[in-house]
Protein chains: 2
Amino acid sequence: MLRLSKLTDYAVVVLTRLEEAEEGGVLTAPGLAAATGLGEPTVSKVLKILSHAGLVEGRRGALGGYRLTRPLAAMPLTDVIAAIDGPIALTACVDNSIGVCDAEATCPVRGRWDPVNDAIRRALSGISIADLAGAPQRAALAAE
Amino acid sequence: MLRLSKLTDYAVVVLTRLEEAEEGGVLTAPGLAAATGLGEPTVSKVLKILSHAGLVEGRRGALGGYRLTRPLAAMPLTDVIAAIDGPIALTACVDNSIGVCDAEATCPVRGRWDPVNDAIRRALSGISIADLAGAPQRAALAAE
DNA sequence: TGAAAACAGTACCTGAATGGTCCTGATTGC
DNA sequence: GCAATCAGGACCATTCAGGTACTGTTTTCA
């Protein structure tokens, strides 16, 4: 099913909420949890990961919270996926994983998933988070 | 990590072996297992799935075995992925899964993964199994 | 100066899905 | 009639993602 982790989905939701309330202020993790309907610990986890990746900025203290480091339009989807799910690769058979596959010697497609991974990366790099959240009504937007 | 199931990987391997030995004859599941280095039950499972999807043809009986229904060059990767992993969709938030998400009411990206899924499908539909197995030495083939 | 608020980091537990195996039945050829 | 092979389904174990909790650090305010 080519599944993407739920955390990535949550990340997009949270980022969208952050963008909406981005009027110079910050939003707290509990506040974002309430706004999105997600669990507070989960939202906190997502925000921590995004903060680590530099997509959001966390400010500690009593008046702390999170805010975006860039507008969503300048935030490609690949950045979020890479932050949550790690490097974008369809299978474990990528360049840096030698010895994992037990059929390595006889496998005829060793390293051949690279063009697929590249195609996926290229397809995703053209989509920003703003494209996902921007216009729920404008149905046909990513078809060129 | 955008993981694809191992079965799909195995399927590509098995299909490649089938193509190699496709000189009018058929290959048995144990034979393919020996040729690929994979376990016999696993290979058999993959072949059954592929047969169900119409990508290979199984012939019962003493001289039975499997053979390709189409050349690998005419077999898009999406067909294999769809056969093994089901419909190609990145997340559970697709059109036919209403009610699964508990934050449905407040989720700002509901249904917005569609352009992403479409981009993925388009990227994968241009790649055939032959492209994966065809030329392990010709490194730059999918980069235009 | 102390308390409260909020992020930062880590560890742990649970549940589901994948991966792999096995068994039984149906079909075909010798 | 027997052997070989696919077909179909059920079953179990392992792994990993999802979710939670706890503790520490930093900042603000009374």
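Parameters at a glance
- Residues numbered from 1 in each chain as written.
- Chains lettered and ligands numbered in written order.
- Predicted model: local features only at pLDDT ≥ 70, side-chain atom pairs only at ≥ 80, totals over all residues.
- Heavy atoms only, no water.
- Salt bridge = Lys/Arg side-chain N within 4 Å of Asp/Glu carboxyl O.
- Helix = DSSP H or I, 4+ residues; strand = E, 2+ residues; numbered from the N terminus.
- Buried < 20%, exposed > 50% of the residue type's maximum accessible area, 1.4 Å probe, protein only.
- Near = heavy atom within 4 Å.
- Polar contact = N/O pair within 3.5 Å; in protein donor to acceptor, adjacent residues only side chain to side chain.
- Nonpolar A, V, L, I, M, F, W, Y, C, P; charged D, E, K, R; others polar.

(A) Representation of the pattern of salt bridges. By the definition in use, this model includes six salt bridges over all chains. One salt bridge connects Glu57 of chain A with Arg67 of chain A, and the closest N-O pair in it is separated by 3.0 Å. Here Glu57 of chain A, found in strand β1 (residues 56-59), pairs with Arg67 of chain A, found in strand β2 (residues 65-68); they are 10 residues apart in sequence, far enough to count as distant. The class for Arg67 of chain A is partly exposed, based on a relative accessible area of 33%. With its nearest N and O atoms 2.9 Å apart, the salt bridge here joins Asp118 of chain B to Arg122 of chain B. Residue Asp118 of chain B and its partner Arg122 of chain B are located together in helix α5 (residues 114-125), separated by four residues, close to a single helical turn. According to the relative accessible area criterion, Asp118 of chain B is partly exposed, its value standing at 34%. Residue classification places Arg122 of chain B among the partly exposed positions, given a relative accessible area of 40%.

(B) Region of the structure containing the protein's contact with DNA strand D. Taken together, 27 residues sit near DNA strand D, with Lys6 and Lys45 of chain A together with Lys48, Arg60 and Tyr66 of chain B positioned nearest. Of all DNA strand D atoms lying within 4 Å of any protein atom, the proportion belonging to sugar or phosphate reaches 73%. A distance of 3.2 Å separates a phosphate oxygen of DNA strand D from a polar side-chain atom of Arg59 of chain A. Contact between DNA strand D and Ala62 of chain A: a base oxygen at 3.4 Å from a main-chain N or O atom of the residue. In terms of residue class, the surface near DNA strand D is built from 10 nonpolar, nine polar and eight charged.

Just geometry here; none of it tells us what the structure is for.
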